[in-house]
Amino acid sequence: MTDGKREDILTVLRREGIREELLTGVEDFRRLYPVNETDRERIPHPEYMYYGKTVWEQALAAILAGRNLLLAGPKATGKNVLAENLAAVFLRPVWNVSFHIGTDASYLIGTDTYDGSRVIFREGPVLLTALKGGFGVLDEINMAKNEALAVLHAALDFRRVLDVPGYARVELKPETRFIATMNYGYAGTRELNEALTSRFAVLDMPVISEEDLMKLIRGRFPDMNEKICSQFVLLYLEISKKAEHAEISERALDLRGLLDALMLIRQGLTSGEALDMCIVNKSFDSYERGLIRDCVLARIPDDLTKEVVFRG
Amino acid sequence: MIKRNYSGNQRKACNVIWNAAGRYDYDPPFMAFRTNGTPDFYFNMVIGFIEKYFDSGRVEVFLESYRQDRRADEFDDLLWLGIENCVYEKELASRPILSALRKKRGEEFFRYAQDMSEQQMMLQSMPVWNQQEARWAEVTGRRMPLLSGREKRMQESLRFSGNFGTDDLIQAMGDFLGTFFDFDSGRVSGSRLGPVRNRIFHFLHRGRPVRDLLIVPAGGTVSENGLVTLPHDADLRRGSGRAEKDEKYIRGCFGDCVYDEARMEMLRAEVCTGADQNVRLWLSSAGKMSFDTEPSDRDTRKEQTEKRDRTLAKKLSDSCERDIRMTLSDRRRQAEKNLEFYKTWQLPAREAVRKLAQETEAILATYMRHLPTGARAGSLCAEKAWRLPVLSDPAVFLKPGDETEHHITADLLLDASQSRMNDQEVIAAEAYITAKALSRAGIPVRVVDFHSLRGYTVLEILKDYGEDPEGIFRYFAGGWNRDSAALKCMRALLHDQTGDPDHIRLLFVLTDASPNDDLPIPPSGNGKRPREYEGAAGVRETAAAVKALREDGVCTAAVFHGASIHLENVPQIYGDCFTCVRRMRQLSDGIRILTEQMLRNYRRD
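Nothing here was measured: the structure is a model prediction, and the numbers come from that model.

So, the overall build of chain B
Scanning chain B from terminus to terminus reveals 22 helices and 18 strands. Evaluated residue by residue, chain B yields a buried proportion of 53% over its 605 residues. Taking as baseline every contact in chain B between residues at least 6 positions apart, the subset at least 24 positions apart corresponds to 75%. As displayed, chain B offers around 27800 Å² of accessible surface, 49% of which is attributable to carbon and sulfur atoms.

Focus on the overall build of chain A
When helices and strands are counted, chain A shows 15 helices and 9 strands. Counting all 312 residues of chain A, 56% fall into the buried class. Counted over contacts in chain A with a minimum sequence separation of 6, partners at least 24 positions apart contribute 73%. Here chain A has roughly 13500 Å² of accessible surface; of this, 52% comes from carbon and sulfur atoms.

Digging into the pattern of salt bridges
Residues and elements named next belong to chain A. Per the stated rule, a full pass over the model turns up 55 salt bridges over all chains. Between Arg-220 and Glu-47 there is a salt bridge, with its nearest N and O atoms 3.1 Å apart. Of this pair, Arg-220 sits in helix α10 (residues 210-220) while Glu-47 is found in the loop between α2 (20-32) and α3 (53-64), placing the two residues 173 residues apart along the sequence. The exposure class of Arg-220 is buried, given its relative accessible area of 7%. Relative accessible area serves as the criterion here: at 35%, Glu-47 is assigned to the partly exposed category. Linking Asp-212 and Lys-215 is a salt bridge whose minimum nitrogen-to-oxygen distance equals 3.9 Å.

Concerning the interface of chain A and chain B
Listed per partner, the contact involves 37 residues of chain A and 39 residues of chain B. Of the roughly 3400 Å² buried at the junction of chain A and chain B (both faces included), carbon and sulfur atoms supply 54%. A per-residue breakdown of the area chain A buries against chain B is headed by Tyr-114, Glu-247 and Tyr-287 of chain A, which together make up 18% of the total. In this structure, the connection of chain A to chain B is made through 3 salt bridges. Across the pair Lys-12 of chain B and Asp-294 of chain A runs a salt bridge whose closest N-O atoms are separated by 3.5 Å. On inspection of chain A and its partner chain B, the count reaches 11 residue pairs in polar contact (both at pLDDT 80 or more). Within the side of chain A that touches chain B, the residues separate by chemical class into 13 nonpolar, 9 polar and 15 charged. As paired elements, strand β3 (residues 110-114) of chain A and strand β9 (residues 377-380) of chain B share 2 bridges and run antiparallel to each other. Looking at the pairing, Asp-112 of chain A lines up with Gly-378 of chain B of β9 of chain B.

Points about the sheet that holds strand β12 (residues 445-453) of chain B
All names here are of chain B. Ordered by their spatial adjacency, 7 strands build an open sheet running β7-β13-β12-β11-β14-β17-β18, and the pairing between neighbours is mixed. With partners counted over all chains shown, the strands left at the sheet margins are β7 (280-285) and β18 (578-580), one partner each. For this sheet, the mean inter-axis angle between neighbouring strands, taken without regard to orientation, is 20°. As defined by bridge partners, β7 adjoins strand β13 (residues 456-463) across 6 bridges and the pair is classed as parallel. Bridge pairing links Ser-285 to Ile-461 in β13.

A few points about the nonpolar core
Counting 74 residues, the largest nonpolar core has Trp-56, Leu-60, Ile-217 and Met-224 of chain A as the members making the most contacts within it. Take this core: its biggest share by element is 8 residues, from helix α11 (residues 226-244) of chain A. Viewed by domain, this core spans two of them, domain 1 (9-204) and domain 2 (210-309) of chain A, each represented by three or more residues. Once you skip the residues sitting within four places of it in the chain, Ile-217 of chain A turns out to touch Met-224, Cys-229, Val-233, Leu-258, Leu-259 and Leu-262 of chain A. Core analysis: the second largest hydrophobic core is formed by 61 residues, Ala-137, Phe-160, Ala-172 and Phe-180 of chain B among them.

What about the sheet that holds strand β5 (residues 135-139) of chain A?
All names here are of chain A. Here we have 5 strands laid out as an open sheet, ordered β2-β5-β8-β1-β9, and parallel in their pairing. Looking along the sheet, the strands with just one partner apiece sit at the ends: β2 (94-98) and β9 (200-204). Sheet twist, expressed as the mean angle between neighbouring strand axes with direction ignored, is 20°. As judged from the 5 bridges shared by β2 and β5, these two strands associate in the parallel manner. Bridge assignment links Asn-96 to a residue of β5, and that residue is Val-137. Packed onto the sheet, α3 meets β1 (68-72), β5, β8 (177-182) and β9 and runs at close to 175° relative to β9.

Focus on the side chain of Thr-556 of chain B
All names here are of chain B. Position of Thr-556 among the secondary structure elements: in strand β17 (residues 554-560). Relative accessible area serves as the criterion here: at 1%, Thr-556 is assigned to the buried category. Polar side-chain contacts of Thr-556 include one of 3.1 Å to the backbone oxygen of Val-554. Among all residues touching Thr-556, those that are not within four sequence positions of it are Leu-507, Val-509, Val-546, Leu-549, Arg-550, Tyr-574, Cys-577 and Met-598.

Brief notes about the environment of Val-161 of chain A
Residues and elements named next belong to chain A. Of note, Val-161 is situated in strand β6 (residues 161-163). With 31 residues separating them in the primary sequence, Val-161 and Ala-130 have C-alpha atoms 8.3 Å apart. Ignoring any residue separated from it by four or fewer positions in sequence, one finds Val-161 in contact with Ala-154, Ala-155, Arg-169, Val-170, Glu-171 and Leu-172.

Quick word on helix α13 (residues 271-278) of chain A
Residue and element names in this part refer to chain A. Within α13, burial applies to Ser-271, Gly-272, Ala-274, Leu-275 and Cys-278. Here the buried residues of α13 occupy an arc of 165° about the axis, which is enough to place them on one side. Those residues of α13 that are buried are in contact with α11, α12 (255-266) and α14 (286-297).

Points about the environment of Asp-39 of chain A
Residue and element names in this part refer to chain A. In this fold, Asp-39 is placed in the loop between α2 and α3. A relative accessible area of 5% means that Asp-39 is categorised as buried. Residues Asp-39 and Arg-92, 53 residues apart in the sequence, show an inter-C-alpha distance of 8.6 Å. When neighbours within four sequence positions are excluded, Asp-39 is seen to be in contact with Pro-93, Trp-95 and Lys-132.

Quick notes on a nonpolar patch on the surface
Together, Val-119 and Tyr-167 of chain A together with Leu-380 of chain B make up an exposed nonpolar region whose accessible area comes to about 250 Å². Residue placement: Leu-380 of chain B occurs in strand β9. Looking at Leu-380 of chain B, the relative accessible area reads 41%, which means it is partly exposed.

Re the pairing of β12 of chain B
Residues and elements named next belong to chain B. Across the 9 residues of β12, 9 count as buried, placing the element largely inside the fold. Both strand β11 (residues 407-415) and β12 contribute to a ladder of 6 bridges, which runs parallel. From the neighbouring strand, Ala-410 faces β12, where its bridge partner is Val-445. Sheet topology places β12 next to β13; 7 bridges connect them, and they run antiparallel. Looking at β13, one finds that Val-448 is bridged to Ile-461.

Side note on the packing of helix α19 (residues 483-495) of chain B against helix α20 (residues 535-551) of chain B
Residue and element names in this part refer to chain B. The contact between α19 and α20 brings their axes to 8 Å, and the two run at 15°. Looking at the two axes, α19 sits roughly parallel to α20. At the point where α19 passes α20, the crossing takes the left-handed sense. Residues Asp-483, Ser-484, Leu-487, Lys-488, Met-490, Arg-491 and Leu-494 of α19 form the contact with α20, whose own contacting residues are Glu-541, Thr-542, Ala-545, Val-546, Ala-548 and Leu-549.

Describing α19 of chain B
Under the 1.5 Å per step criterion, the end-to-end length of α19 of chain B is 18 Å for 13 residues, consistent within 8% with the ideal 18 Å. Of all 13 residues in α19 of chain B, 11 are buried, a share of seventy percent or more.

Quick look at the environment of Asp-163 of chain A
Residue and element names in this part refer to chain A. Mapped onto the elements, Asp-163 comes out in strand β6. Separated by 54 residues in sequence, Asp-163 and Ile-109 have C-alpha atoms that sit 8.8 Å apart. Other than its neighbours up to four places away in sequence, Asp-163 contacts Ala-168 and Arg-169.

Points about the confidence of the model for chain B
Residues and elements named next belong to chain B. Scored by pLDDT, chain B comes out at a mean of 78, with 78% of its residues at no less than 70. Mean pLDDT per element in chain B: strand β4 (residues 213-214) is the minimum at 24, and helix α2 (residues 41-53) is the maximum at 93. Low confidence marks residues 1-5, where pLDDT is under 50. Its contacts with residues over four positions away, or in another chain, come to 23 contacts. In this model residues 188-241 is a low-confidence stretch, pLDDT under 50, and it forms 121 contacts with partners more than four residues away in sequence or in other chains. Both scores are available for the predicted complex, with the pTM at 0.57 and the ipTM at 0.74.

What counts and how
Residues numbered from 1 in each chain as written. Chains lettered and ligands numbered in written order. Predicted model: local features only at pLDDT ≥ 70, side-chain atom pairs only at ≥ 80, totals over all residues. Heavy atoms only, no water. Helix = DSSP H or I, 4+ residues; strand = E, 2+ residues; numbered from the N terminus. Buried < 20%, exposed > 50% of the residue type's maximum accessible area, 1.4 Å probe, protein only. Contact = heavy atoms within 4.5 Å. Areas by Shrake-Rupley, 256 points an atom, 1.4 Å probe, with all protein chains shown as cover. Salt bridge = Lys/Arg side-chain N within 4 Å of Asp/Glu carboxyl O. Buried area = accessible area lost by both parts, 1.4 Å probe. Polar contact = N/O pair within 3.5 Å; in protein donor to acceptor, adjacent residues only side chain to side chain. Nonpolar A, V, L, I, M, F, W, Y, C, P; charged D, E, K, R; others polar. Pairing = 2+ DSSP bridges. Axes fitted to C-alpha atoms, helices over the stretch in contact; angles between N-to-C directions. Core = buried A, V, L, I, M, F, W, Y, C linked by side-chain atoms within 4.5 Å. Domains from an automatic or database assignment. Arc of directions from axis to C-beta. Patch = residues over 30% accessible without salt bridge, like charges linked within 9 Å, V, L, I, M, F, W, Y side chains within 5 Å. Parallel < 35°, antiparallel > 145°, perpendicular 65-115°, else oblique. Left-handed = near helix turned anticlockwise from the far one by under 90°. Expected span 1.5 Å × (residues − 1). pLDDT = per-residue confidence, 0-100.

Structure, rendered in C-alpha cells:
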C-alpha cells in the first residue's frame, strides 16, 4: 500500500493475476454478508500488502469454502500480514487474540465480572467474533496450552457453536472464520494436537521470494531507487540465509525492521544508522551483531542518504 | 562425525565467505586475515566469489600445485591479485557496493604501507610489492608507482577478465607463472597432489597459519560417519583370579565407591539379575576424584582400605599401577580438551543455554499447576460469593495465578564407552549446556556417565544435584557400555527419591543406542551357552530396563547421538520418546521437545 490514497485490495489482487473466479467469490461474499456500521471500524486497512499468488489463491479458496485457516511458518513469512489482508479483502471486522501460555478458556470466551451492582458476563474476543460474524485472528496459537484450546473445537468444526458455560449456546454466524498463525521455532511454542489441527486448513507459509519482497518494498516506497531497493532485498535474503543456517539468531531477521529502516532513512538518518537501529542492534550479542554488520556492509554503503535512496 | 571448529575470528571470516558464496555448506579452503589477526573483509568476499563463480576445488588444486616451490608465497600474492580482478568484474553488476569496498581495501593497503618499518620493507618481495602497489594505486586513484617494462607486462597479465570460466582462470594463472617465473604447473599432476580438500592455508598473513581443529580419532579406526570400530581385545576378558587387580584398577581410575558395602549389596541385589547377574558395579563421584597420577596424592581411602591395598599391591604386578597412571593421565588430558572445546564454542553454547532455559521455563509454566488467586473477574468462587452483596467485595472470582507448584528433577545419563571417543568433547559440551539450562530453569540436575571396564559397570556422578556443572568436563570415554545394567542402577538411584507423589523425575539418556559389553549374557533356562551382550540381545535387555524405569514413574527419553546404523535400535529401546541430535545446535530443540513430551505423557498417565 502506498502512503497516498489506498486502492481496494481486490484491485491489487486482480492486477497480481489471482484467479478471477476466486475474486468473484470474494465479491459475492461481500454482497452476501454486509457489515454493521458499528463494526466497520474493525475492518483493517493494511499497511502492507501480502504478495504471493499461490498462497493468496489457497487462502481465498479455503475461506470461501467455509474453512478456518492455520498459517504456519517461520518468522517473517507474513502470516499476520496475510491474516489482516484477508479480513480486508472480505471486508470483515477483526478480533485479534494474542495467545500466550496463560491464555485460558475464559480469556477466549468471556469471564464473569462485577459491574458495580451485579455479576455480569463480559464477552471474550472469540465469542464476539462468533456473534458479529467477524474474522478471529488467533495469533501464535501454539503458545497456548492445548487444554485452553479445547473450548474452540466445537466452534471450529462442522458444529460451528460455542458453548458458554452457565450462559448460552451460541451458533457462529455463517460468515465467521478463524485464522490462526503459528511459528515453529519460537521459545515456548508447542505442537498443536491433532484434534485442533484437523479443524484448520493448513497453509505452509513460504519465505518471501525476492520478487515479492521487491514488490512489497516498492509498494510501500514507490519512490525508492530501484537498484538500491534490490540491494535491500538481497540483504534481507542474505540475513535470512544466515539465520536459516543458525549462524545468527532470528532476531535480526525482521522484515518490519527492514521497512522501518527505510522509513528512518526517509526521516533523514543515513543508511548505516537506520540499519543499525532496525536490524543490527536487534541482536544483543556483540559477536552476532558483528556478523550481521558484515552482512550489511557487503551490500549497503553506510552513508546513503534519503536523497540517494528516494527520488524525492 | 567429523566436525570442524572455528575460533571467533575464523567464524567471522567464514561468515563473510559463506555470505559471498551464497551457501553455508561450503568448507572454505582459504581464509584471509589481516596482520592483527582480524578477518580481511574484502578478500574473504573474494574467496566466497571463487566458490560462487568457479569450480573452487580445481582452483584450490592449482594453488596447491606450487606449494613445494620456494616462491609459493610470492605466487600466492600475485595470483590473488589476478583472481581479485576477475571476481570483482563478475560481481560488480549485482553488488554495486563492491567498488567502494575495493577502494577501501586499497586505502588500507597504503595505511599499512605507511606504518611499515624500513626493515619490514626490506623483507618484502619487490616484484610482489610493486604489483600490489600498482593495483591499489589504480583502484584508489593515487599516483602509479614506477614500473619496469616486465612489471608493466605483469600488471597487464594480472587483469584476469571477468568473462573467465574455471578453465580460463586456471589457464591464465598457469600462463602467468610460466611467462614470468618459468614455472610449469603442468608438471605437477593432479593425481599426485592427493586430497588437499581439507588443507587450509592462508595468505596475506604469513607466519600465522589458520588453525583448524579437526576432531580426529584418538584410537581405533574411524569411518566417515564417525563410527569407531573397537578391537575385541581378549585381554579385556577377565579371569577370576584378576578380581583384586580389577578392583584396584577401577578404584584407582574412578575413585572410591560412594556407597558403603551394605548399600552396594542392596544395589547389586537389585541390578545384578537376569542378563546382568555377573556384572560388578561401581558407583563413584568425579567431584571427589583427583587426576593426580601420584599414588600418595591420589589415595584418599580409608585406613582399612589402604591396608588391604598395600597387601594387594605386593601381589599385583606394576602393570596395574602403570595402567592407572596412564588412564588418569588420559583423563586429565581429556578434561582439558573438553574444557578447551567448550571455550571455542562458548558463544553458541551460551545462546543454546539461554534458549533452552527460556523454553524450559515456558514449558514448566504451561504444564505445571497454576495456583488460583483471587480476582475481580474470572470464575465465580461459590464459597466467597456471599461477600459480594454483604461486604460489597468484588474479589470473589478466581483466576490462574503466577505461582506454580512443581517438583521436578532431571538426570542425564551419558554413555561413556569407547565408541564415544570421537565425540567426547561434543558430548561433554552437550551435557554441560543441558545441565546448565535446566538448572537455570529451576530443575535440579544430576549428570552421570557409565562404562563397562574389566567386568565392572561403572557409574560416575559428574555433577550431583545442586553442584556446579564444571564437573561434567571430566567426562571420559573408554571401555564398553552395558546399558541395561546402567539403567537399572539409575532406577535404583532414582528409586531412593520416591516419597513425594508429585515429584516428577526426568531421565535423559545420551546414547548411540548400541549396547555392547564383553561380559556375556549368562545362559538362561533354555540356553546352553552364554550369549554375547551385543546386537539384538543387548537391545532387548536395555529395552526391558527402560520399561522398568517407566513403570517406576521415571520419565525416560533418549537423545540419540551416534552412527545412523544404530538408529533403528532407538525406537525399539525408547519407544517414541527420543530425539536425534546430529549437531550441537539441534540439542536445545531436542531437549525441549523431549521435556514437553515427557511432561505431557506424565500428565496423561
